[in-house]
Amino acid sequence: MSTPFYVSPQQAMADRAEYARKGIARGRSLVVLQYADGIVFVGENPSRALHKFSEIYDRIGFAAAGKYNEYENLRIGGVRYADLRGYTYDRDDVTARGLANVYAQTLGTIFSSAAEKPYEVELVVAEVGAAPDGDQIYRLPHDGSIVDEHGSVAVGGNAEQIGGYLDQRHRDGMTLAEALKLAVQALSREPNGGEREIPAERLEVAVLDRTRPQQRKFKRIVGRQLARLLGADEAAASTPTDAPSDTEDADSTDTPAEPAGSAEPGSAEPGSAESGSAESSSGKSGGSAADTDAPDSSGSSDAPGSSDSSEG
């Protein structure tokens, strides 16, 4: 019987971590941002049945990247934990920190166990507070460690580049439209430095809105509301640039308001005004127009033809 090769514990953990990271990198990235009225979840997901974001409890949301069947099992376990704790004690006793601790224990046990492979998932647990200072965001990597995040966090394949982009541009007090636009811009960035367009049909968006009167703060944003939020900043940005051009067009159309039949300065005859005033009132206006364009380059109204026409 051959003796198995010896593998040091450090090397074994490094191999398992590399295996989990490669599995997570194959999934699409997602971002979680704080804004003025709560927390927004944004990710690229062409499926409308397999969600990356879900509600855990009243004020707690769940986001995950990686293998769907693995993080769906974790989500169901989190819902059961929250329901049991809220029923046994009080609804206020269900917190994101307590849920993150449960997830950390589960992921850590699976990662260190040699009997099964590590989970290829990365989780985000977020809780919205009564004020922005009470918001909590926790990131849980595959090994079960807990990272307390502030402002923004990105997980998934291109998380490092997207997270750096968000750290430079995210600010406190952003509106929902501004935070959503920033999240889409971050997700659109390619690893090679380029950008691509993500249509609204491929986006999954959800919020924890502290201003909702309901006890449950989680809400999905789809359809017309999502399109309106994505187009709000574009419309606001295009209005100032279009307005001056419209004004210039209006001025340009009003400028050539000269009479079409006005005579040239050198073609007016002295008797034209008298013949026009003798026929009709329309002829009077025509005569005055002709007299106004008299061959006086200074445009003075003291021309002899002008005084004759007024007397007639």
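Predicted model, so just to flag it, every value in this text is computed and none were measured. (Residues numbered from 1 in each chain as written. Predicted model: local features only at pLDDT ≥ 70, side-chain atom pairs only at ≥ 80, totals over all residues. Heavy atoms only, no water.)

Q: Just checking my understanding: could you explain the overall build of the protein chain for this structure?
A: For the protein chain, the helix and strand inventory stands at nine helices and 10 strands. Residues counted as buried form 38% of the 312 residues belonging to the protein chain. Of all intrachain contacts in the protein chain linking residues separated by at least 6 positions in sequence, the fraction that spans at least 24 positions is 65%. (Helix = DSSP H or I, 4+ residues; strand = E, 2+ residues; numbered from the N terminus. Buried < 20%, exposed > 50% of the residue type's maximum accessible area, 1.4 Å probe, protein only. Contact = heavy atoms within 4.5 Å.)

Q: In this structure, what is going on with the environment of valine 205? I would like to understand it.
A: Within the secondary structure, valine 205 sits in strand S9 (residues 203–209). Residues within four places of valine 205 in sequence aside, it is in contact with Val40, Phe41, Val42, Leu180, Arg220, Ile221 and Leu226.

Q: It is not clear to me how the packing of helix H2 (residues 68–88) against helix H3 (residues 96–112) should be interpreted in this structure. Could you clarify?
A: For any two helices packed against each other, one specifies the crossing angle of their axes together with the interaxial distance. Closest axis-to-axis distance for the H2/H3 pair is 11 Å, and the angle between their directions is 135°. With respect to each other, H2 and H3 are oriented oblique. For the pair H2 and H3, the crossing hand works out as right-handed. Contacts between H2 and H3 involve Leu74, Arg75, Gly78 and Tyr81 from the first element and Gly98, Leu99, Val102, Tyr103, Thr106 and Leu107 from the second. Residues of the contact of H2 with H3, tallied by class, amount to six nonpolar, three polar and one charged. (Axes fitted to C-alpha atoms, helices over the stretch in contact; angles between N-to-C directions. Parallel < 35°, antiparallel > 145°, perpendicular 65-115°, else oblique. Left-handed = near helix turned anticlockwise from the far one by under 90°. Nonpolar A, V, L, I, M, F, W, Y, C, P; charged D, E, K, R; others polar.)

Q: Would you take a moment to explain helix H5 (residues 176–187) for this structure?
A: Owing to its 3.6 residues per turn, the α-helix brings residues three or four apart onto one side. Taking 1.5 Å per residue, 12 residues should reach 16 Å; H5 reaches 16 Å between its end C-alpha atoms and fits that length. The buried fraction of H5 amounts to nine of the 12 residues, a majority that puts the element mostly inside the structure. Of the residues making up H5, those classed as buried are Leu176, Ala177, Ala179, Leu180, Leu182, Ala183, Val184, Ala186 and Leu187. (Expected span 1.5 Å × (residues − 1).)

Q: Would you mind showing me how to read the pattern of salt bridges here?
A: Where charged atoms from two side chains of opposite charge come close, those side chains can pair. If you walk through the whole model with that rule in mind, you get 18 salt bridges. Among the salt bridges present, the one from arginine 75 reaches glutamate 72, with a minimum N-O distance of 2.7 Å. Placement of both arginine 75 and glutamate 72 in helix H2 is noted, with a separation of three residues, approximately one turn of the helix. Note on glutamate 72: relative accessible area 16%, which makes it buried. Residue glutamate 149 is joined to arginine 139 by a salt bridge in which the shortest nitrogen-to-oxygen separation is 3.1 Å. Placement of the pair is glutamate 149 in strand S7 (residues 147–149) and arginine 139 in strand S6 (residues 136–140), with a sequence separation of 10 residues. (Salt bridge = Lys/Arg side-chain N within 4 Å of Asp/Glu carboxyl O.)

Q: Explain the sheet that holds strand S4 (residues 60–66) here, please?
A: Sheet strands pair via backbone hydrogen bonds, and the direction of the pair is either parallel or antiparallel. If you walk across this open sheet you meet the five strands as S3-S4-S5-S6-S7, and the pairing is antiparallel. Each edge of the open sheet is held by one strand with a lone partner, namely strand S3 (53–55) and S7. Each adjacent strand pair in this sheet contributes to an overall mean axis angle of 25°, direction not counted. Relative to S4, S3 runs antiparallel, the two being bridged by three bridges. Of the residues in S4, the one forming a bridge with serine 54 is phenylalanine 62. Here H2 sits on the sheet and contacts S3, S4 and strand S5 (121–127); the angle it forms with S4, its principal contact strand, is near 160°. Along the sheet, H3 contacts S4, S5 and S6; its crossing angle with S6, the most-contacted strand, is approximately 5°. (Pairing = 2+ DSSP bridges.)

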